[in-house]
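# A closer look at the structure
Residues per chain, in single letters:
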Amino acid sequence: LKTSRHMDAVLRFDGAARLRQRLVLSILSGRPCVIDNIRALDEKPGLVDYEVSLLRLLDKLTNGSKIEINYTGTKITFIPGAILGGRVSHDCGTARGIGYFLEAVVVLAPFAKRAFELVLTGITNDEVDPPVDIVRTVTLPLLRKFGVDEAVELKISRRGASPDGGGEVFFRCPPVRALKALRFDTVGKIKRIRGIAYAMRVAPTTAGRLVDSGRAVLNDVLPDVYIYADHYKGADAGNSPGFGLTLVAESTTGALLSADCSARPGELPEDLGQRTAHMLLDEISRGGCVDTQQQHIAALLMTLCPEDVSRIRTGPLSPYTIEYLRDLRSFFGIVFKLTADPASATVILSCVGTGYANANKKLA
């Protein structure tokens, strides 16, 4: 896949932390990895159900991957295969949201042999994992900025709230030969805010109450605010009642900053609407061209770019992103330059791409 796969070294890691990202980076880099001591000291040691489900999904999407798990489930030996793509269906279960699996898939899909046509079922919106709405409205446009085909899409066929899920999404992404370097360090001014207030198996007025409470906060700072009320019922509403709000702010330079909240037990729609609106304003105040949830995805795409300089302005780096940069150095040998901008309290993230190319894609 890469100009130099450097298969000679097996990477070794300890513990369950960041297991998902390490498996994805192993596939993209072609480097085998061993992950040991997975919850070795817990009362229930080893892999949990959703991690086993992720391994099954990665096995479906690749050809030639070898996965060895020891008897206690506390050690994985993972030898990555080629990214195959094609039509795949997968039940994500109800332990984690679809976003947990989708976040791994969207960065693999551009480098597949065939176009991804993936159907995932489970929980579409919860408070733990990235909601499918954010992937659709923020992550996919970020992929397009790096040169991924405009035909990449995510359709939400059914909503599914925690705890019983019942949602379904369809993800399609054509393969690319290579990404293109991106220089995106001017935030611009926020020109509009768009949102989706979704409600499943609750009173039809719930979505409207979310819209009103969110706009009550946001209209004080910006006139161009539109929140679409999306009420689901019947089979399209999944198996559990729930509601939530997704907000996306767009700047004059095309920066997309997002916030999303799903209802907590006993939470009123008015409280949730205000909570989400304040989260969005906090994200805007960080001053990045990509929001906190997308920092690590942007760093990975920069790594996979041609041998040219990519540069992106972000807000303060999250602890997850910092650990992700360390894993990128382990798998790809890449080092990022971090330049702090004290005036705006932002960070400019820059690197020279690895010259990664998709060797799986058939020659036209």
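Report follows, based on the coordinates. (Residues numbered from 1 in each chain as written. Predicted model: local features only at pLDDT ≥ 70, side-chain atom pairs only at ≥ 80, totals over all residues. Heavy atoms only, no water.)

Take the nonpolar core next. Counting residues in hydrophobic clusters, the biggest one holds 80 residues, and the most contacted among them are L28, F171, L328 and F332. Top contributing element to this core by residue count: helix 3 (residues 98–108), with 9 residues. In terms of nonpolar packing, the next biggest core, distinct from the first, is built from 20 residues, I193, L222, F243 and L247 among them. (Core = buried A, V, L, I, M, F, W, Y, C linked by side-chain atoms within 4.5 Å. Buried < 20%, exposed > 50% of the residue type's maximum accessible area, 1.4 Å probe, protein only. Helix = DSSP H or I, 4+ residues; strand = E, 2+ residues; numbered from the N terminus.)

Bringing the environment of H231 into the picture now. Here H231 lies in strand 13 (residues 225–232). For H231, a relative accessible area of 29% puts it in the partly exposed group. Considered as a pair, H231 and A115 are 116 residues apart in the sequence and their alpha carbons are 32 Å apart.

The next point concerns the packing of helix 1 (residues 19–29) against helix 8 (residues 319–332). Viewed as axis vectors pointing N to C, helix 1 and helix 8 meet at an angle of 30 degrees, and their least axial separation amounts to 10 Å. The angle between helix 1 and helix 8 falls in the class roughly parallel. Seen from above, helix 1 lies across helix 8 with right-handed handedness. The residues of helix 8 that touch helix 1, namely those facing R20, Q21, R22, L25, S26, L28 and S29, are Y320, E323, Y324, D327, L328, F331 and F332. Looking at the contact of helix 1 with helix 8 residue by residue, the class counts come to 7 nonpolar, 3 polar and 4 charged. (Axes fitted to C-alpha atoms, helices over the stretch in contact; angles between N-to-C directions. Parallel < 35°, antiparallel > 145°, perpendicular 65-115°, else oblique. Left-handed = near helix turned anticlockwise from the far one by under 90°. Contact = heavy atoms within 4.5 Å. Nonpolar A, V, L, I, M, F, W, Y, C, P; charged D, E, K, R; others polar.)

This part covers the pairing of strand 7 (residues 86–91). Pairing of strand 7 with strand 8 (residues 116–122), which is carried by 6 bridges, proceeds in the parallel orientation. Directly across from G86, in strand 8, lies its bridge partner F116. Crossover strand 7 to strand 8 through helix 3 is right-handed. (Pairing = 2+ DSSP bridges. Right-handed = clockwise from strand over helix to strand, strands pointing away.)

On to the state of the cysteines, then. Across all of its chains, the model carries 0 disulfides by this definition. With no disulfide partner, C173 has as its closest neighbouring cysteine sulfur the one in C305, 15 Å distant. (Disulfide = S-S within 2.5 Å.)

Across its 14 residues, helix 4 (residues 132–145) extends 19 Å between first and last C-alpha, which sits within 8% of the 20 Å expected from 1.5 Å per residue. Of all the bends in helix 4, the greatest reaches close to 30 degrees and is centred on T139; the proline P141 follows between one and four positions later. For helix 4, the buried fraction is high: 10 of the 14 residues fall into the buried class. For helix 4, the complete set of buried residues consists of V132, D133, I134, V135, V138, T139, L140, P141, L142 and L143. Immediately beyond the C-terminal end of helix 4, within one or two residues, lies G147, with a positive phi of roughly 100 degrees. (Expected span 1.5 Å × (residues − 1). Bend = angle between axes of the 7 residues up to and from the residue.)

So, on to the side chain of Q295. Within the secondary structure layout, Q295 lies in helix 7 (residues 295–303). Owing to a relative accessible area of 1%, Q295 belongs among the buried residues under this scheme. Within the structure, Q295 has its side chain in polar contact with the side chain of T321 (distance 2.9 Å). Once residues within four sequence positions are removed from consideration, Q295 is found in contact with V290, T314, G315, P316, L317, S318 and T321. (Polar contact = N/O pair within 3.5 Å; in protein donor to acceptor, adjacent residues only side chain to side chain.)

The next point concerns the sheet that holds strand 15 (residues 256–262). Ordered in space as 13-12-14-15, the 4 strands form an open sheet in which the pairing is mixed. Single-partner strands in this sheet number two, and they are strand 13 and strand 15. Averaged over all neighbouring strand pairs, the angle between strand axes comes to 15 degrees, with direction disregarded. Note that strand 12 (residues 190–200) and strand 14 (residues 242–251) share 10 bridges and pair antiparallel. Counted as the bridge partner of G195 is L247 from strand 14. Sheet strands in contact with helix 5 (residues 205–218) are strand 12, strand 13 and strand 14, and its direction is about 165 degrees off that of strand 13. Sheet strands touched by helix 6 (residues 269–286): strand 12, strand 14 and strand 15. Its angle to strand 15, the strand with the most contacts, is close to 155 degrees.

A few words now on helix 5. Along an α-helix, residues three or four apart share an orientation, since each turn contains 3.6 residues. The first and last C-alpha atoms of helix 5 sit 20 Å apart over 14 residues, in line with the 20 Å expected at 1.5 Å per residue. Burial in helix 5 covers these residues: T206, A207, L210, V211, S213, G214, V217 and L218. Where the residues of helix 5 are buried, they touch strand 12, strand 13, strand 14 and helix 6.

What follows deals with unusual backbone geometry. Looking along the chain, the bond that leaves S162 and enters P163 is cis, with omega of 10 degrees. Tracing the backbone shows P163 in the loop between strand 9 (153–158) and strand 10 (167–173). A positive phi is found at R39, a non-glycine position, where the angle reads about 50 degrees. Mapped onto the elements, R39 comes out in the loop between strand 2 (33–36) and helix 2 (49–61). Its relative accessible area of 19% is what places R39 among the buried residues. Phi at A345 takes a positive value of approximately 60 degrees, unusual for a residue other than glycine. Mapped onto the elements of the fold, A345 is located in the loop between strand 17 (337–341) and strand 18 (346–352).

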